[in-house]
Amino acid sequence: MMLEMEFAPEVEELVEVEEDYGQDDLKNLVVHNDNFNTFDHVINTLIKVCKHDVQQAEQCTYLIHYKGKCSVKNGSFNELKPMKEGITDAGISATIE
């Protein structure tokens, strides 16, 4: 007895992939030291722009002063861009790395 088997033809499934350029790549918002801004100004800016609490803003400010820079926030480029602009608008040097 011979069984006759029917095979379905191979179906190739196309999957649409939405590219999210840079959104999944975590970036760092880095604030750099300068000789112009006071501790209070940097602390208040971090509280206002990055939504840090006082202790976190103070710790970042000391790191900025003694180490030359500090990563104050991480996230996607699009999340960090308005924060960087807020910090630089306050006269403080910042980059997204």
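About the criteria used
Residues numbered from 1 in each chain as written. Predicted model: local features only at pLDDT ≥ 70, side-chain atom pairs only at ≥ 80, totals over all residues. Heavy atoms only, no water. Helix = DSSP H or I, 4+ residues; strand = E, 2+ residues; numbered from the N terminus. Contact = heavy atoms within 4.5 Å. Polar contact = N/O pair within 3.5 Å; in protein donor to acceptor, adjacent residues only side chain to side chain. Salt bridge = Lys/Arg side-chain N within 4 Å of Asp/Glu carboxyl O. Buried < 20%, exposed > 50% of the residue type's maximum accessible area, 1.4 Å probe, protein only. Axes fitted to C-alpha atoms, helices over the stretch in contact; angles between N-to-C directions. Parallel < 35°, antiparallel > 145°, perpendicular 65-115°, else oblique. Left-handed = near helix turned anticlockwise from the far one by under 90°. Nonpolar A, V, L, I, M, F, W, Y, C, P; charged D, E, K, R; others polar.

Our next topic: the environment of H52. With respect to the secondary-structure elements, H52 resides in the loop between α1 (39–50) and α2 (54–67). Taking C-alpha positions, H52 is 9.2 Å from K73, a pair spaced 21 residues apart along the chain. When neighbours within four sequence positions are excluded, H52 is seen to be in contact with L46, I47, A57, C60, V72 and K73. Only 2.8 Å separates the side chain of H52 from the backbone oxygen of V72, close enough to count as a polar contact.

When the charged atoms of two side chains lie near each other, side chains of opposite charge can form a pair. Considering all chains together, one arrives at 1 salt bridge under this definition. With a closest N to O distance of 3.9 Å, K81 and E85 form a salt bridge. With K81 and E85 both in helix α3 (residues 77–89), this residue pair falls 4 residues apart, about one helical turn.

You will see that K51, though not glycine, has its phi angle at about 60 degrees, which is positive. Tracing the backbone through its elements, the reader meets K51 in the loop between α1 and α2. For K51, a relative accessible area of 66% corresponds to the exposed category.

The description of two helices packed together rests on the angle between their axes and the distance between the axes. Relative orientation of the contacting elements α1 and α2 amounts to 130 degrees, with a least axis distance of 9 Å. In terms of orientation, α1 and α2 fall into the oblique class. Crossing angle aside, the handedness with which α1 passes α2 is right-handed. Of α2, the residues touching α1 (which contributes F39, V42, I43, L46 and I47) are V54, A57, E58, C60, T61, Y62, I64 and H65. The class makeup of the residues in the contact of α1 with α2 is 10 nonpolar, 2 polar and 1 charged.

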